Amino acid sequence: MYNEVLVVERSGFLARVGLATWLFILVLSVALTTVASANDNLRITEFMYNAPAGGVSFIEFQNVGTQTIDLSGITFSDGLTYTFPANSSLAPGAYYVITSSATDFAARYPDGAFDGTYLGGLNNDGDRLELSSSTNVPFLLLNYDDDAPWPGAADGLGFSLVIVDPLGDPSDPANWRASGVAGGTPGAADVPVSLAGVLVNEALTHTDLPQVDTIELYNPTDSAADIRGWYITDDRSQPAKARIPDSSQYVLGAGAYGILNEADFRDNPGMVNGSPLPGFALSSHSEEVVYLFSADAAGNLTGYSHGFSFEASINGVTFGRYVSSDGVAHFVAQAVNTLGAANGAPAVGPVVIDEIFYNPAVGSNDIEYLGMTNISGEDVNLWDDSKNGVPENTWRINGTGYFFPQNTVLPAGGRLILANAAPAAFRAQYNIPDEVAVFGPFGELAGLSNSGETITLFQADAPELDATPYIVVDRVKFSDTAPWPNADGNGLALVRRTNGAFGNDPANWQAATPGFGRAVSGGEGEGEGEGEGEGEGEGEGEGE
């Protein structure tokens, strides 16, 4: 899309029109100059959203095209208050920087330049930024977050976010990395630091002797990675909890693994500049994180990070990295512990979510439901039946706000339905088979989101430290957009293809006619997962 701008040049000459009369003739020459639309080529290429003390927030734009673009009247329609001045333009490859404070920017970047100041602020917890043209047509949207998989080094630790591919999706966390230097490079190209992309790959977080809490690191690259002196932590906002020991075993060869246990990160966390680090212990009963941060020999962060969050776990079961068909990395309970070796399959079962009817067709009484099946060979008590457990603590389903009644037993191979309706009326209306248990209505939530959401089945475990751990049994984060099958308002339900395979993967689901407790064609119950409880967290990694 292009705009044609009139460029007028003025010149003149004298002409004789009589014996003594001369006349100045004014000549106007008119040319058309092409100016590209900002809609096509204006991109956000760097921003600092959670500046540390002494820093300042900023947004850097770049013209990634080959034509000068007209910025006049472009405005933020969401997130901030700023409008580009009239008659402003941006040459090919040039930058335009706006900041939250002119004074702070000048102090932090004395050799830098900025083009304007905005009102409002970039939210430290994530935000939605939308640019619109001078005619109020939105053309650029950036949704960012401070949680994984967004780079951790940019969340209050001094680094900015730099886009990887300006022509890619600006809301994709994989399309952003931490800046190559602390503070970033507003108004200039950022040169990435070459750092090995070592991953937090597996963790054992709930143990009794002789087992001990353990973290496994993995080098997936083709070159050796020296991670001695890097940080390992249970707090993304405080990387310097423990340092990786100065030992040759942490020069990881290509495809090699490194093991840290609680004797390293809890009992001997190391020092920085003569000061001892605090160390940490992994939690067995509440949500926590494990993160790796790159650092130089002096202990300064160098921008790379990778890690994951995890929840309560079954004693002796590890969490491991698993990549689903859509390229998303999940950190889930493993069927078999594989510390020091390649991860195996995720644990699946004993109960799985195998049907999601979330957006019924118009005129269908707005009935929604979840279907679940016990894929194990034994009855499953949907309450805390562990040693020293509390039977009053029953299983629950996040996404619906529902707690199962006490003394609920799902028999081996048995199915159940949780509906957003009274069970008796639902059973009668849809002729539910007698062997299928029906529960409902949903808890504090009236229905499932039509645009997709995360549904998690939790089991209660024995209380620890006056808290009741809830362990993930199954989790499905579905969506109404591809690659998830289309079951959005067309009378179809999402039906799990193979109950014994990992459930949080769009490839394991199809759109099919709702079964209302009956087996659905194509929804197979073949293959039983090993282990108990799935468990899942979210992770991130970035760097060059």
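The sections below set out a description of the structure shown in this document. Source: prediction; values computed, not measured. (Residues numbered from 1 in each chain as written. Predicted model: local features only at pLDDT ≥ 70, side-chain atom pairs only at ≥ 80, totals over all residues. Heavy atoms only, no water.)

Counted under the stated rule, the structure contains 12 salt bridges. The salt bridge involving Arg128 is made with Glu130; its shortest N-O contact spans 3.5 Å. A residue is classified by how much of its surface remains accessible, and Arg128, at 31% relative accessible area, is partly exposed. Take Glu130: its relative accessible area is 15%, and that puts it in the buried class. (Salt bridge = Lys/Arg side-chain N within 4 Å of Asp/Glu carboxyl O. Buried < 20%, exposed > 50% of the residue type's maximum accessible area, 1.4 Å probe, protein only.)

Along the chain, Thr214 turns up in strand 15 (residues 214-218). A distance of 2.8 Å separates a polar side-chain atom of Thr214 from the backbone oxygen of Val212. Residues within four places of Thr214 in sequence aside, it is in contact with Glu202, Ala203, Leu204, Ile259, Leu260, Asn261, Phe265, Leu282 and Leu339. (Helix = DSSP H or I, 4+ residues; strand = E, 2+ residues; numbered from the N terminus. Polar contact = N/O pair within 3.5 Å; in protein donor to acceptor, adjacent residues only side chain to side chain. Contact = heavy atoms within 4.5 Å.)

Read from one edge of the open sheet, 6 strands run 34-33-28-27-37-38, paired in mixed fashion. The sheet terminates laterally at strand 34 (437-439) and strand 38 (509-512), the two strands that pair on one side only. Taken pair by pair, the neighbouring strands of this sheet meet at an average axis angle of 25°, ignoring direction. As judged from the 6 bridges shared by strand 27 (residues 351-357) and strand 28 (residues 369-374), these two strands associate in the antiparallel manner. Bridge pairing links Ile356 to Leu370 in strand 28. The sheet contacts of helix 4 (residues 423-430) involve strand 28, strand 33 (415-419) and strand 34, and relative to strand 34 the element is tilted by about 130°. (Pairing = 2+ DSSP bridges. Axes fitted to C-alpha atoms, helices over the stretch in contact; angles between N-to-C directions.)

Bringing the packing of aromatic side chains into the picture now. Working definition: an aromatic ring pair is given by the centre-to-centre distance plus the angle between the planes. Applying the stated criterion across every chain, the model contains 30 aromatic pairs. Ring plane angle 65° and centroid distance 6.0 Å describe the contact between Tyr369 and Phe426, whose orientation is recorded as edge-to-face. Separated by 57 residues along the polypeptide, Tyr369 in strand 28 and Phe426 in helix 4 bring together distant segments of the chain. Phe426 carries the same exposure label as Tyr369, and that label is buried. Ring pairing ties together the aromatic residues Phe61, Phe76, Tyr82, Phe84 and Tyr96, which thus form one cluster. Directly above the ring of Phe458 sits Arg396, whose terminal nitrogen or CZ lies 4.5 Å from the centroid. (Phe/Tyr/Trp six-rings, centres within 6.5 Å; stacked < 30°, edge-to-face > 60°. Lys NZ or Arg CZ within 6 Å of the ring centre and 35° of its normal.)

What follows deals with the sheet that holds strand 31 (residues 402-403). Strands sit in the order 31-30-35-36 across an open sheet of 4 strands; the sheet is antiparallel. The outermost strands of the open sheet, each flanked by one partner alone, are strand 31 and strand 36 (470-477). Pairing of strand 30 (residues 396-398) with strand 31 involves 2 bridges; the strand directions are antiparallel. Bridge assignment links Ile397 to a residue of strand 31, and that residue is Tyr402.

Coordinates in, geometry out; function isn't part of it.
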